[in-house]
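Observations on chain architecture
This is what each chain is made of:
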Amino acid sequence: MAPAETVLTQGAGLKKPEDLTLLHEVAEATAGVSHLEMCIQCGTCGGSCPSAADMDHTPRALFAMLRAGMREEVLRSNTPWICVSCYHCVVRCPQEVHIADVMYTLKSMAIKAKKYTDSKPPDFSQTFVGMVETFGRSFELGLATRFYLTHQPLRLPGMAGMGLGMLTKKRMNLTPNRIKNMDQLTAILEKAKTLELTS
Amino acid sequence: MNKYLFYPGCSMEGSARAYYESLKAIQPALTMELEEIEDWNCCGATEYLSINLIPAYSLIARNLALAAQQKNGTDTVMAPCSACYLNLEKADYYMAERPALGEKVNEALAAGGLHYEPGSVQIRHLVDVIINDIGLETVKSKVVRPLTGLRVAPYLGCMVPRPDFAKRWSDHEHPSELDDLMKALGAEVIDFPMKTSCCGGHMTQIGPETAYELIRRLVAAAEEQGADIMVTMCPMCQMNLDAYQGETNRHFGTNYHMPIVFFTQLMAVAFGIDPKQAGFGLELVSAKDALARIGLKAPEEQKPTPARKKPEGLPMPKPLPKKYASGQTVVEE
Amino acid sequence: MSEQKPKIGVYVCHCGSNIAGMVDVENVRDWAQETLGKDGVVVSRDYKFMCSSLGQELIEKDIKELGLERVVVAACSPHLHEKTFRTASERAGLNPYLTELVSIREQVSWVHTDKDVATEKSKALVSGAVHRVAYNTELQPLKVPINPNTLVVGGGIAGIQAALEIANAGFHVYLVEREPSIGGHMAQFDKTFPTLDCSACILTPRMVEAGTHPNITLLTWSEVMSVSGYVGNFNVTIKKKARYVNEELCTGCGICVEKCPQKVIDDVYEAGLGYRKVIYTPFAQAVPKYPVLDRPNCTFFKNGKCKACEKFCPTNAIDFTQEDQYLNVEVGNIILATGYDLFDARRVTNYGYGRLPNVFTSLEFERMSNAAGPTGGEITLRDGKTKPETVGIIHCVGSRDKNFNNYCSSICCMQSLKFAHLVKERTGATVYEFYIDMRTPMKAYDEFYQRVLEEGTLFVRGKVAEVTNATHGPHEKGKLIIQVEDTLVGKQRRIPVDMVILSVGMEPRHDAKQVGQMFGISCSSDGWYIERHPKLDPVTTMTEGILIAGCASGPKDIPASVAQGAAAAARVLDKILQKEVELEPIRATVDEAKCSGCRICNNLCPFNAISFLDDLAVTRINPALCQGCGTCVAACPAGAISGTGFSNEQIFAQIEGLLMGV
Ligand SMILES: Cc1cc2nc3c(=O)[nH]c(=O)nc-3n(C[C@H](O)[C@H](O)[C@H](O)COP(=O)(O)OP(=O)(O)OC[C@H]3O[C@@H](n4cnc5c(N)ncnc54)[C@H](O)[C@@H]3O)c2cc1C
Ligand code: SF4
Ligand code: SF4
Ligand code: SF4
Ligand code: SF4
Ligand code: SF4
Ligand code: SF4
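Residues numbered from 1 in each chain as written. Chains lettered and ligands numbered in written order. Predicted model: local features only at pLDDT ≥ 70, side-chain atom pairs only at ≥ 80, totals over all residues. Heavy atoms only, no water.

1. Considerations on the interface of chain B and chain C
On the chain C side, the residues contacting the 19 residues of chain B number 32 residues. Carbon and sulfur atoms make up 57% of the area that chain B and chain C hide from each other, which totals about 2100 Å². Here chain B is connected to chain C by 2 salt bridges. Across the pair Asp 191 of chain B and Arg 355 of chain C runs a salt bridge, and its minimum N-O distance is 3.3 Å. At the boundary of chain B and chain C, one finds 11 residue pairs in polar contact (both at pLDDT 80 or more). Class assignment for the residues of the side of chain B that touches chain C results in 9 nonpolar, 2 polar and 8 charged. (Contact = heavy atoms within 4.5 Å. Buried area = accessible area lost by both parts, 1.4 Å probe. Salt bridge = Lys/Arg side-chain N within 4 Å of Asp/Glu carboxyl O. Polar contact = N/O pair within 3.5 Å; in protein donor to acceptor, adjacent residues only side chain to side chain. Nonpolar A, V, L, I, M, F, W, Y, C, P; charged D, E, K, R; others polar.)

So, in structure tokens, the structure goes:
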């Protein structure tokens, strides 16, 4: 371990030594080989991002913060939640950093550490996953109603027309589809939940 | 007969019903045999990955394992939905790139009596198989009602041409496959600069303001370029641009009316199939006017080729010839 | 071999900690002394740096005092120090070929991570060498005369410089250039950084000098087709492509060019931004001045009609019957100064080159800013008229990017700064530069950066994500939008501009690999020619007599290219003045008594050293041509060929020694 470095950041106090390996920790937990340590801070990712305007930090800045061990700030960032997985940055990154997958890792780390600041996105994901874990298929109507009722009741009236359109045009099923071998899927997922990615 | 293991994906039975119906309608003409993967499950879209990595990949890999078991004269899995296609491809690729991931996923699959060896099936998108296996010549030969005069903005969305681990697409940013397919139907194809930009994905659900802006840019660009209609190959793109166009208009006080349909719907119509059977009418932003342009107008007369102009200004570089995965070179006219 | 084993000395080097860090040097030393004593080892020593003069003296002293007859040095690669230790032995009176070098650094300490294993492997290698060296024989190096003529391939600034240096020293040079004129890339530029002197003004005098020098045979519109021989004595075949203009008669008046009715886009000299006639000289100062007729595009060759050029030529110099000529020349040394190609900007589809008209490459911009170029030096948009009000210059296009080329192209930061200056000077436009890192390390370069800052160019630190015509609103209409993260602000920006210039990187010539193979040199994984040593020997290659200069070995600016041209020339002159060259006596010989005359080996030799004597019905090898590669040795079914220094006895003994410990 490097000599316990102290990084003073506003309000965050002294960095704990384990934070200095944050970059490594994130790389480990990411599917594929992330190449996160290869980032040259060129900003191609931040420049490519279609929704950068809504992010509190650009992806590039987030990776610099990972290097600096700013765990708290990174996990509280809205950036991973705004990422729409468009893969523009991924194919353009000159260093082949698996940026979009790192975003997934940061989301799951934020969920585990309960650090996210807006609960909508993780709840939406969780609701979706709940449907899949129950039926093996997604269920758009169930998802929409459940999610909107808890999070965006005010948006519902405006959307009623659209929802009705989707229903009358039979583009939303009233009842969920379910796979046959749900037991098998459940067994797989239960086992999977006990496993973690390390190398 | 080209045979494929078929992974429809959840939205084909719901929001993207028009995609499914039009695909079924053109399937005989394309001599495509689709064998559905028995008891496939949801790919998890972009949601499961945010929650928990190993279960997310195990969920996807169950489909791959089932497909590998079912191999039956073909090892190609064809997915028409972008997110499904990407998830399947990514799982296959990452399980090999990071053996630790492969091992964990297989440990989970074993709990359901399954196993998947990365690389044992090929994962391909519908457009890819139409272009590279069936071929544009066959497509052209089936056209009975050319889409002459219809100005089409081809919109691929992001997840098919990217990240494209298997290098199946002619380009990440401006692939020409969908353009050429539309040209084969006789449509007038506009050089749509945002053809692989993002539609907002799940942001319509969790951060609508971010999504509205992305939708607005796309619809505005298509309108600015004079498109009558957008075609897509992705259920999510279709859903966002079609179902949320109204909300977007309300949000910005705009008045866009840009219909967006699946490319298979235009193929069906060009093949002489009844618009209703091709899934027209299911869209929320009506494609009536666009249809009228081909229905009402007699095929246009061949325009005389304009006299060769003296070169004006500075010459442009020649475009880089693009290559399809099948080795065909795309010729630009 | 006598029963008496020759007296052998073993010397194990620590190489500081390079070897000693991974190999137990003392252990190897003691083991050699004890275990290999029966094989003739009479002394075994270790030393911190065997190659130092003290280390060498150690060996010399032992040879003299202990009467050593063979020496084995376990140290670095023979590549580096074989010569050092052989010369040391020679000084002490021992034939140099009785000394063997064992590599326990490159092949052991640097590639292993287990000290015990590394030590055991070192012992095995030492043992192999000890067994082998007993069978080494005294050899005398071959001396061959050096042909004083030199071939220079490529007439860019590096090649011109090399040719002039040699010619001025009084020796003959063949300067072969594939294009109609010499000058290379430098002839295309208007101004050169960092001093902004006019490129033509400084280059033309050199071109003229090369074109008129009595010691230079200038062969333009020509290419080397084949090379045989070895250092000092190369035989080269050059194709002089048909120009369809008789050089004896042509006065370079240019009337044919003026009268030719056919225009085509000039992809080479004008970088695709301008036109040229079918019969043409690429630019006004071209050397030589004779035009070239571009056969595939000529109306006469296509339809049998036209001949306007012939009709108007006052000296009857047009000759439609001319054919390609093949010349054979003999030279002692060859300098490759073939330069570079530019990265194809169309590959970065997100920058829109080839799709968006007002995106230009750096070379297009060079032509545009050149007073003799297609716009007469006016900086305009693709319409040839409109002056840009805002210009964006993008660095690192195709460079420092794992999707394209990994390396930094080293000159494009400076070249981009030059462009910013020129745009400001000529149009007063607002100029943005988008860079990842600003690389301005040479003399007066950073000062130039300061100057451009002072002129008001707006620098944005960030690699541009895309250039697009898709607008986000009316304020962007009709503009090209540069979308980038300004990394110093930490925000994404969309900057509307009228014109974009892409600073594309340098690439190896598209045919560098084939050309390299023809001359027997190899390319790095990036495709550049590999120098013998990247720091200490940058202008020679692993093949004796083949040298490289300029951008052929990697991106460089003009000063560095010129310096390399001169350095390569100095190396060649050094060889020429030695009058003869010593060749390694590692050669194959045929035992004519054993040769059955089967001729199997005859066509295998890559150096054409083997000939068949019809009268005696046996094969013979020319020792001056043979490079000792061993191909024929292995092929001969009668075992009639043996390689000096690699006899069967030596090889078997070495294997035995290697396996001793197993
Ligand atoms: C846009 C741009 C601007 C630049 N501006 C500057 C500047 O302002 N200042 C500066 O110091 N540097 C500048 N440079 C760098 C400069 O161009 C190079 O350092 C220099 O031209 C290298 O010279 P060269 O002789 O090695 O190669 P080249 O100029 O490429 O010449 C090689 C020659 O070899 C010929 N050739 C190639 N292959 C063969 C073959 N097989 N047989 C026969 N002939 C062959 C070619 O036709 C060519 O004539 C710039 C580079 C670029 C791209
Ligand atoms: S594009 Fe890649 S290298 Fe550049 S800042 Fe982003 S992650 Fe780092
Ligand atoms: S994948 Fe995510 S981070 Fe990358 S450009 Fe797209 S939205 Fe931005
Ligand atoms: S014969 Fe060919 S080169 Fe001569 S003038 Fe005619 S087109 Fe030009
Ligand atoms: S007209 Fe004749 S003399 Fe004049 S340049 Fe042409 S070929 Fe040479
Ligand atoms: S010299 Fe500058 S512009 Fe060129 S590759 Fe290197 S950093 Fe990029
Ligand atoms: S060893 Fe044989 S094949 Fe090799 S160069 Fe000598 S003669 Fe030719």
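Structure shown, so let's carry the discussion forward.
2. Structural notes on the domain arrangement of chain B
Residue and element names in this part refer to chain B. Once the domains are mapped, chain B shows domain 1 (2–126) and domain 2 (144–293). Summarising the inter-unit geometry, the C-alpha centres of domain 1 and domain 2 are found 24 Å apart. Residue-level contacts link 30 residues of domain 1 with 26 residues of domain 2. With both chains or domains summed, domain 1 and domain 2 bury close to 2400 Å², and 71% of this area falls on carbon and sulfur atoms. (Domains from an automatic or database assignment.)

3. Focus on the nonpolar core
The biggest cluster of nonpolar side chains holds 156 residues, and the ones touching the most others in it are Phe 263 and Leu 266 of chain B. Sorting elements by how many residues they give to this core places helix H3 (residues 53–70) of chain B first, with 11 residues. Excluding anything up to four places from it in sequence, Phe 263 of chain B contacts Tyr 19, Leu 126, Val 127, Ile 130, Leu 178, Leu 181, Met 182, Val 231, Thr 232 and Met 233 of chain B. Ranked by size, the runner-up nonpolar core spans 70 residues in total, among them Met 186, Ala 429, Ala 569 and Val 572 of chain C. (Core = buried A, V, L, I, M, F, W, Y, C linked by side-chain atoms within 4.5 Å. Buried < 20%, exposed > 50% of the residue type's maximum accessible area, 1.4 Å probe, protein only. Helix = DSSP H or I, 4+ residues; strand = E, 2+ residues; numbered from the N terminus.)

4. Quick notes on the pairing of strand S2 (residues 41–47) of chain C
Here strand S1 (residues 8–13) of chain C pairs with S2 of chain C via 6 bridges, running parallel. Paired with Cys 13 of chain C across the strands is Tyr 47 of chain C, a residue of S2 of chain C. (Pairing = 2+ DSSP bridges.)

5. Comments concerning the site of ligand 7
Around ligand 7 there are 14 residues in total, and Cys 605, Cys 626, Cys 629, Gly 630 and Cys 632 of chain C lie nearest to it. Its residues assigned to classes, the shell around ligand 7 shows 10 nonpolar, 4 polar and no charged. (Near = heavy atom within 4 Å.)

6. Let's talk about the domain arrangement of chain A
Note: interface size is frequently given as the accessible area lost on complex formation between the parts. Partitioning chain A into structural domains gives domain 1 (17–113) and domain 2 (120–192). Measuring from the centre of the C-alpha atoms in domain 1 of chain A to the corresponding centre in domain 2 of chain A gives 28 Å.

7. Comments concerning the packing of helix H8 (residues 120–135) of chain A against helix H9 (residues 140–151) of chain A
Residue and element names in this part refer to chain A. In contact at an axis separation of 10 Å, H8 and H9 are set at 150 degrees when each is read in the N-to-C sense. The pairing of H8 with H9 is recorded here as roughly antiparallel in orientation. Relative to H9, H8 is oriented so that their crossing is right-handed. On H9, the residues that touch Lys 120, Asp 123, Phe 124, Thr 127, Phe 128 and Met 131 of H8 are Gly 142, Leu 143, Arg 146, Phe 147 and His 151. Looking at side-chain class alone, the contact of H8 with H9 contains 5 nonpolar, 3 polar and 3 charged residues. (Axes fitted to C-alpha atoms, helices over the stretch in contact; angles between N-to-C directions. Parallel < 35°, antiparallel > 145°, perpendicular 65-115°, else oblique. Left-handed = near helix turned anticlockwise from the far one by under 90°.)

8. Here we look at the confidence of the model for chain B
Keep in mind that low pLDDT regions are not for reading the predicted coordinates in detail. All names here are of chain B. Averaged over every residue, the pLDDT of chain B is 91; the share at 70 or more is 94%. Across residues 296–304, confidence stays below pLDDT 50; counting only partners more than four residues off in sequence or on other chains, it has 3 contacts. The ipTM assigned to the predicted complex is 0.86, against a pTM of 0.88. (pLDDT = per-residue confidence, 0-100.)

9. So, unusual backbone geometry
Residue Arg 162 of chain B is joined to Pro 163 of chain B through a cis peptide bond whose omega torsion reads -10 degrees. Structurally, the position occupied by Pro 163 of chain B is in the loop between strand S5 (151–155) and helix H8 (177–184). The omega torsion across Phe 193 of chain C and Pro 194 of chain C is -5 degrees, close enough to zero to call that bond cis. Turning to its location among the elements, Pro 194 of chain C is positioned in the loop between strand S8 (191–192) and strand S9 (197–198). A positive phi angle, close to 55 degrees, is found at Ser 85 of chain A, a residue other than glycine. Position of Ser 85 of chain A among the secondary structure elements: in the loop between helix H5 (79–82) and helix H6 (88–92). Its relative accessible area of 4% is what places Ser 85 of chain A among the buried residues. Here the phi dihedral of Cys 396 of chain C falls at roughly 55 degrees; this positive angle occurs in a residue that is not glycine. Mapped onto the elements, Cys 396 of chain C comes out in strand S21 (residues 390–397). A residue is classified by how much of its surface remains accessible, and Cys 396 of chain C, at 8% relative accessible area, is buried.

10. Describing the interface of chain A and chain B
Counting residues at the interface gives 71 residues for chain A, matched by 72 residues for chain B. A combined buried area of about 6200 Å² lies between chain A and chain B, and 59% of that area is made up of carbon and sulfur atoms. On the surface where chain A and chain B come into contact, there are 7 salt bridges. In this structure, Arg 98 of chain B engages Glu 28 of chain A in a salt bridge whose closest nitrogen and oxygen atoms are separated by 3.9 Å. Run the count over chain A and chain B and you get 34 residue pairs in polar contact (both at pLDDT 80 or more).

11. A closer look at the environment of Lys 115 of chain C
All names here are of chain C. Tracing the backbone through its elements, the reader meets Lys 115 in helix H5 (residues 115–133). Taking the C-alpha atoms as reference, Lys 115 lies 48 Å from Ile 576; in sequence the two are 461 residues apart. The contact partners of Lys 115, leaving out residues within four places of it in the chain, are Ala 20, Gly 21, Met 22, Val 23 and Asp 24.

12. Details of the sheet that holds strand S7 (residues 173–176) of chain C
Residues and elements named next belong to chain C. Taken in spatial order, the 5 strands line up as S10-S7-S6-S18-S29 in an open sheet, and their pairing is parallel. Of all the strands in the sheet, just strand S10 (216–219) and strand S29 (546–548) have a single pairing partner and so form its edges. With strand direction ignored, the average angle separating the axes of adjacent strands in the sheet is 20 degrees. Sheet strands touched by helix H6 (residues 157–168): strand S6 (150–153), S7, S10 and strand S18 (333–336). Its angle to S7, the strand with the most contacts, is close to 165 degrees. Helix H15 (residues 558–578) rests against S6, S18 and S29 of the sheet, and its axis sits at about 175 degrees to S18.

13. Side note on the site of ligand 4
Residue and element names in this part refer to chain C. Neighbouring residues of ligand 4: 13 residues in total, closest Cys 260, Cys 298, Cys 306, Lys 307 and Cys 309. Sorting the residues of the shell around ligand 4 by element identifies helix H9 (299–303) and helix H10 (308–312) as the ones contributing at least two each. Here the shell around ligand 4 is built from residues that sort into 11 nonpolar, 1 polar and 1 charged.

14. Focus on the pattern of salt bridges
Under the definition given, this model contains 69 salt bridges over all chains. Each of the salt bridges in this network shares a partner with another, and the network as a whole consists of Arg 178, Glu 223, Lys 241 and Asp 511 of chain C.

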